[in-house]
Each structure stands twice: as C-alpha cells, then as structure tokens.
Amino acid sequence: MPGLDRKAASVFAGKVVRKDLVRKVKVGANVPVFVLEYLLGKYCATDDSVAIDAGLRVVNSTLADNFVRPDESNKAQSLVREKGKHTLIDKVKVRYLSDDDKYWAEFVNFGHKYVHIPERYIREYDRLLMGGIWAQVNIRHEYDETATGKRSPFWIDDIKPIQLASFDLEEYRQCRVQFTTDEWIDLLVRSTGLEPSHFDRRLKLLFLARLIPLCEQNFNLVELGPRGTGKSYAYQELSPYVILLTGPTTVANLFYNMATGKMGLVGLWDAVAFDEVADLQKMPKEVITTLKTYCESGTFARGKDALSGTASMALFGNTNQPVEVMVRSSHLFTPMPDIIREDMAFLDRMHFYVPGWEVPKMRIEFFTDHYGFVVDYLAEALRELRRHNFTEMIDHHFSLGSHLNARDVKAVRKTVAGLIKLIHPHGEVSKEEIAELVELGVEGRRRVKEQLKKMGSFEYHQTSFSYIDNETRDERFVGVPEEGGRNLISTDPLAPGSVYTASVDDQGKVGLYRLEVGCSPGTGRLKIAGGIDSTMKESIQRAFAYVQGHKVEMGIGRAVDTTDFHVEAIDLLSNHVSCDAGIGLVAAIYSIIKKHPALPGLLILGDLSIQGNIKAVRSLAEPLQMGMDNGARRALIPIENKRHFLDVSADIVERVDPVFYGDPLTAAMKALGIN
C-alpha cells in the first residue's frame, strides 16, 4: 500500500475508501455515492484482492436485495409483510405530529410515511429530524393494536446510519496536522475521484477552488470552459447539502414562495449551482434582479419582508471557442446568456472566475485507484467549516493593493478564506502558503474585472491588482495568464491604409476599431463594408466628403480621382460601441495613397465636420486608459482636448505620448510621422 494510502487509512480509519471500487460498482447501481462508499468501507477495506472480490459480491448482492427502488415500493412493502422482517437501505426522515403526540418515520423509496420508530434513535441521531439520513434499517411487519390515533403495521427494530450521524470537527483538524500540505491537497483531490499525480500544483488548486462554495457562505463562483471537464461533478456527487439546477427556475422556488410562506432553495441548501448557465436566458427578469441583490449581500426582499440566506452560488457554462479567440475578439463572459452577458453589475458580484479552459477533458487515466475520503465525511467537514470565519487570516502577513475596491477586497478575502478552510482547516498556515492562496484569489477576481473593463466601462479600469508584504512593504502585481485583451494595438507597423481609432460614448464606454482602407482603380468612389453602424458610417462619409473637397491642397487630387476606396472597420473589443472615426479615415486614405504606414502603436482620436472643423472627443481619460491597456504607445489628439489632459492619470501620461493636431492634413501627416 502506497505511503499516503497507508497514512490516510491509519489516521482516518473507516473514513476513507478506495475510489476505483466506487466507480466499479457505481456503473451498475443508481444509488447515492455515500451509500456505495459505506458498503465498500464495510466489506472492501483491505488490500487483499481475493477479499476485495468477495466484498464486491457482497456489496452487489446487498444492493440487489436491500436497496429499494422508488418504482418498487409496493413490492417492497409486500415483501416485508410476507417475510415478517426485512433489511432495507433507504432514506429515513422523522417528523413529530402533535395530534398523536408521536414521532413517525418516513421511508422515501419504500413509500410509507407512517413507520413506528423507537425514540432512542431520535435522541441518538438528531439528523433524522433535519432532512433525514440514509440508513440500513431492520423493519418488521406486525399488527398495530393502538386503540386511538394513527395506525401502521411497520415497525423499526434497528437503524444503522449510512450517512454520518455525528461529526467532530476538532478530531478532523487534529488529524489534518499529521499530513503535509502536499499530502493533504493530494488526499482532497483523490476524494473527488481524480489522481493528483497527473496534475500540476496550479491545477490541483483550481480543482479545490471549485469546492469553495461548499465551505464558504455566500460565495459566488463562475466557471466557463470546454465540455467534459467535470465542472459540476462536485455538486452532483460530493455533498448531500448542495443542489444542481439543470433548468430554469422561479423566484418562488429559488428564494421565497409568498403563497405557501416557505423558504426557497437559498434557505434550504448550502450551495445552489446552475449546471448550464445558458438556461438563465429562459428565466424571468425578476429572478436575475433578485439574484443580483442576493449575490451582493445575502439578502432579498419578498413582499413586505427582507429575508436572508447563506447559500453560495455557482454558475457553470460551456465555451464554444478557444480562449485565445474569446480574448482576441470579445470577452470571457461571452458564453453567458444575453440576460446577464452585458449586465456588468451582476457580473461584478462574482468572487472568483475559474479558468475552465485550463482543465483537461476527463480521461480514464485521470481517475484515481487510491484512497480518498468517504464523501459524506468530507461533506460534513466542509459544512461544519461554513460556520467558521477565516477572512481575517490574510491580514497576518499581507494587505491588498490600491486598485482593489471594497468589492474586490471582499472577493479575495472570501476566496482565500475558503482555500484555507479546505487546505489548512486547523488554521496553521505559513506566510509562503498564504501568499500562494492570495495570488490565486487575486487572479480569480482580476479575471472578472478584466472582462468588465473590456466591455468598455471606465468605471472598471483599475485592474493592476497587487498584494503587499506587511513586513518588507514589497508589492507584488498579479496578472491573469490569458491577460484579457492585451496588445490589441500592435507595436509593429501596420500595412499602409490601416490605423487604430477610438472614441468614447455618452456613457463613458470606449469603442476601439482598426480601420482598413484598400484601393482599386476607379473614379473616386467610397465603398463601405457591411456591419458598420449608422453613426460610424456617417462619420466616415463626412470625412470622405472632406477629402474629396480638399484633395488638391492635400496633394492627392489625381490619386483620389482615379481610385475607388474600400473601407472596413474591425471592432477590436466586440462591445458594439460606435466610433466617430473621421480623422482616422483621413489618415488611412492619406497612408494608402502615399504607400506609407502609420506610426506603430498609434491610436487616433477625434472627428471632423464636413467643412473640416475638428470635433474634440468627449473625454480623454477613458480612451487613453483603454489604449494604454491594449498596447498604444502614442495618441493623436485634437488640440481642443489639451485642457482635458489634466484629467489623465500620471501612469497614462508616462506611457502614452500625446501628439496634438489642429486640422485634418496636419493630423494625417503626423499620423504617418511626416513633418
């Protein structure tokens, strides 16, 4: 037996199980994983292959004889009546009826709500009263001679819980101390059914990040990635306290039903996961609005009441394009449904974005043959840890940088707290280990913020996330590996006729385009490609009319008269923000005629009227910030905007050189670097 298996089986005796046996039996039996693991732990807790084979036969026969399928409830009741006694594996719930002053047990699959139960079991296993437990039950059939009240012929003789009937967190923490951090991470990964030797440290931490909603209250997680990477597995198999929604839901079901006065899913479960986030599209707008409020504060209003819940939220979805394509052409929330894809306020409430594209598709060799926790034991540990608060542990060694606002700080703190609960539940964590978790937490939050910035809102432009060592005051900046949208503006010269241009709309959103002008022999006509909106098309047509009227003084009269110009505009941010591209077009036409490329890394701002009067941009800060973030080295700016330069931050002034112009011809010449 390998070292870690031996240690796990010794330290957590009876609480670990061989995961390959679980898979073997699970294929042929549609029963909860913790039922299987209970039986396997009972009959197959050995290294002897002969004993394991014999144990598997016992497990399979036990399931065949004792597990009740819901469609066979009548048959099972008849069997108990005929035999007089029988052993069942079923979920047992207990409720107290005041009319009878009596406790009644309900068997879910056996299909009977009134089964006599000795009260000593209720005192011994209090979870019978809190949603019920799976158990192996000896049940007998006997005539009920009760004179008054409800009668029932079924009596419980003995109950052996299959789920954990009680859990000792202190024992769990003390046992954790006997493992190194690497051993513990491997044991947790194996508990999810995966073999850690196939994955690097980063990937293991990403697998554990998926579990944060199970141990941290009101945590909002999103993971978008290719199909078949096991995104929602933990929410199906690892815990009986989470629910995985595979279709649309309603406000009444998710939050609170005013007609019945009953709490919805957020009050009943530890975590609510949406397996196919695309299904949100079919939900009423009211669900998204209420969810937005809930994800921020854990509260929501229904009728006259303000209610609260502690359930975490997890959104899972599939990507249809490689991440490189999404980064280059749009943003990483593109797979989201329309109803929330552009809802920046909703997306800003996500605490951590798991980069699902980094997770490989699950293959047979990725599944482990080693020991891992019995899932019910791990689920109890994670549930118990939800009661504890670890968010201040980051302060022992680090503080967060100036670019993180209050919502960012909260997200990073909750992520780090969740990872500490998973990896260091005993609370003993070194400075280097906290630094690793802080870095991952900052990266996951920055990935959210980068996408909001790419959507064009200047409100989210501060994404240089960092953390600071409290002792040395060293500041470390954390990037995201895919570095969303970097260097859309090439620092290499473009072909003649191509320029970058940008403008800002009245909501502060920035549009960034690459204008490409081609030419062919003709009679001086303008041909605009499809897909350009009316505002941008009008600015292009105005600029071309100006060129037609001033071609001689610009020194390009003959070329304009004998050439047809073909214009295409590529929306680099894919945010559909219109752009006033007049000066950009003048520079592009001048470039194609002169066969001279524009300066590398140049961003052109400004528009013009049909008479050639320069139109200043609404604001400089937003387009220059966006330009700097995407690789611009210099910007061509209307002289009228010089007074706005005071609003531009120092780091932009330092990295983007301003080039001012006062008329279209000067702009075109400066764009090409011609004095």
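It should be noted that the structure appears before, not after, this text.
Keep in mind it's a predicted model, so treat the numbers as computed, not measured.

Asks: Explain unusual backbone geometry to me, and be specific about the residues and the numbers.
Replies: Most peptide bonds are trans, and most residues other than glycine sit at a negative phi. The phi dihedral of N218 is positive, around 50°, even though this residue is not glycine. Within the fold, N218 resides in the loop between α10 (212-215) and β7 (220-225). Even without a glycine there, the phi angle at K595 is positive, about 55°. Residue position: K595 is located in the loop between α23 (582-594) and β24 (602-605).

Asks: Explain the packing of aromatic side chains residue by residue, including any values.
Replies: A complete count under the given rule lists 28 aromatic pairs for this structure. Taken together, a centroid distance of 5.0 Å and an interplanar angle of 75° make the contact between F199 and F207 edge-to-face. When its relative accessible area of 6% is taken as the criterion, F199 is described as buried. On the basis of relative accessible area, F207 is assigned to the buried category, the value being 5%. Among the aromatic residues, those joined into a cluster by ring pairs are F12, Y172, F179, W184, F373 and Y377. K102 extends its terminal NZ or CZ atom over the ring of W104, reaching a point 4.9 Å from the ring centre. Taking NZ or CZ as reference, R383 lies 4.0 Å from the ring centre of Y241, over its face.

Asks: Kindly report on empty space enclosed by the protein, identifying the contributing residues and their values.
Replies: Evaluation of the coordinates by the stated rule reveals 4 cavities of 30 Å³ or more. What the second largest cavity holds in volume is close to 50 Å³. If you go around the second largest cavity, the residues you meet are D492, P493, L494, S498, V499, Y500, A598, L599, P600, G601 and L602. Counted by class, the lining of the second largest cavity contains 8 nonpolar, 2 polar and 1 charged residues.

Asks: Describe in detail the nonpolar core, supporting the description with residues and values.
Replies: Ranked by size, the top nonpolar core spans 94 residues in total, and within it F12, Y172, Y235 and F373 carry the most contacts. Of all the elements, helix α19 (residues 406-423) adds the most residues to this core, at 7 residues. Beyond its immediate stretch of four places on either side in the chain, Y235 contacts R210, P213, L214, L221, V242, L244, A271, A273, A314 and F316. Counting residues in hydrophobic clusters, the runner-up holds 42 residues, among them L224, L291, F346 and V448.

Asks: Let's hear about the pattern of salt bridges: which residues, and what values?
Replies: Throughout the structure, instances matching the rule amount to 43 salt bridges. Between E296 and R407 there is a salt bridge, with its nearest N and O atoms 3.1 Å apart. Highlighted residues: E296 in helix α14 (residues 285-297) and R407 in helix α19, separated in sequence by 111 residues. Assessed through its relative accessible area of 27%, E296 is described here as partly exposed. Using a relative accessible area of 25% as the deciding quantity, one classes R407 as partly exposed. Measuring nitrogen to oxygen at the nearest pair gives 2.8 Å for the salt bridge that ties R413 to D395. Separated by 18 residues along the polypeptide, R413 in helix α19 and D395 in the loop between α18 (375-385) and β17 (398-400) bring together distant segments of the chain. Since its relative accessible area comes to 37%, D395 is described here as partly exposed.

Asks: So what's going on with the side chain of K421? Residues and values would help.
Replies: Within the secondary structure, K421 is located in helix α19. Engagement of the side chain of K421 in a polar contact is seen with the backbone oxygen of L385, the distance being 3.1 Å. If we ignore the near neighbours within four places in the chain, the residues touching K421 are C215, E216, L385, R386, H388 and F390.

Asks: Describe in detail α19, supporting the description with residues and values.
Replies: Spanning 18 residues, α19 covers 26 Å between terminal C-alpha atoms, matching the ideal 26 Å at 1.5 Å per step. With 13 of 18 residues buried, α19 lies mostly within the body of the structure. If you check the start of α19, you find a side-chain oxygen 3.0 Å away from the backbone N of R407, and it comes from N405.

Asks: Lay out the sheet that holds β17 in plain terms, naming residues and giving numbers.
Replies: Spatially, β17-β18-β19 is the arrangement adopted by the 3 strands of the open sheet, whose pairing is antiparallel. The open sheet has two free edges, formed respectively by β17 and β19 (475-477), since each of these has just one partner strand. Along the sheet, successive strands turn relative to each other by an average axial angle of 25°, direction set aside. The pairing of strand β18 (residues 466-469) with β19 spans 3 bridges and is classified as antiparallel. Opposite S466, over in β19, you have F477 as the bridge partner. Contacts from helix α20 (residues 431-454) reach β17, β18 and β19, with the element oriented near 15° to β17.

Asks: I'd like a description of the pairing of strand β28 (residues 657-661), backed by residues and values.
Replies: Sheet faces and side chains relate simply in a regular strand, where the side chains alternate between the two faces. Pairing of strand β27 (residues 634-638) with β28, which is carried by 5 bridges, proceeds in the parallel orientation. Among the inter-strand pairings, R634 is bridged to a residue of β28, identified as D657. In this view, the connection linking β27 to its parallel neighbour β28 by way of helix α25 (residues 650-655) has right-handed handedness.

Asks: Summarise the sheet that holds strand β15 (residues 352-355); cite the residues concerned and give the values.
Replies: Pairing is parallel across the open sheet formed by 5 strands, whose spatial order is β8-β11-β14-β7-β15. Each end of this open sheet is capped by a strand with a single partner; those strands are β8 (242-245) and β15. Averaged over all pairs of adjacent strands, the angle between strand axes in this sheet comes to 15°, irrespective of strand direction. Bridging between strand β11 (residues 271-274) and strand β14 (residues 312-318) involves 4 bridges; their strand directions are parallel.

Asks: Describe the pairing of β7, with residues and values.
Replies: Within β7, 6 of the 6 residues are buried, leaving the element largely enclosed by the surrounding structure. Residues N220, V222 and L224 point to one face of β7 and L221, E223 and G225 to the other, with burial holding for every one of them. In this structure, β7 lies alongside β15, joined through 4 bridges in parallel fashion. Bridge assignment links V222 to a residue of β15, and that residue is Y353.

Asks: Go over the layout of surface pockets, please, and point to the residues and values.
Replies: In this structure, the second largest pocket spans a volume of roughly 630 Å³. Considering the residues around the second largest pocket, the lining is formed by 34 residues, among which T192, G230, Y233, A234 and F367 are closest to the centre. Sorting the residues of the lining of the second largest pocket by element identifies α2 (19-26), α3 (33-43), α8 (181-191), α9 (201-209) and α11 (233-238) as the ones contributing at least two each. Ranked by residues supplied to the lining of the second largest pocket, first place goes to α11 with 5 residues.

Rules used in this analysis
- Residues numbered from 1 in each chain as written.
- Predicted model: local features only at pLDDT ≥ 70, side-chain atom pairs only at ≥ 80, totals over all residues.
- Heavy atoms only, no water.
- Helix = DSSP H or I, 4+ residues; strand = E, 2+ residues; numbered from the N terminus.
- Phe/Tyr/Trp six-rings, centres within 6.5 Å; stacked < 30°, edge-to-face > 60°.
- Buried < 20%, exposed > 50% of the residue type's maximum accessible area, 1.4 Å probe, protein only.
- Lys NZ or Arg CZ within 6 Å of the ring centre and 35° of its normal.
- 1 Å grid on protein atoms, 1.4 Å probe; cavity = no way out; pocket = protein on both sides within 12 Å on 5 of 7 lines; lining within 4 Å.
- Points joined across faces, edges and corners; volume = space filled by probe spheres on them.
- Nonpolar A, V, L, I, M, F, W, Y, C, P; charged D, E, K, R; others polar.
- Core = buried A, V, L, I, M, F, W, Y, C linked by side-chain atoms within 4.5 Å.
- Contact = heavy atoms within 4.5 Å.
- Salt bridge = Lys/Arg side-chain N within 4 Å of Asp/Glu carboxyl O.
- Polar contact = N/O pair within 3.5 Å; in protein donor to acceptor, adjacent residues only side chain to side chain.
- Expected span 1.5 Å × (residues − 1).
- Pairing = 2+ DSSP bridges.
- Axes fitted to C-alpha atoms, helices over the stretch in contact; angles between N-to-C directions.
- Right-handed = clockwise from strand over helix to strand, strands pointing away.

Everything listed here is a matter of geometry and, on its own, says nothing about what the molecule does.
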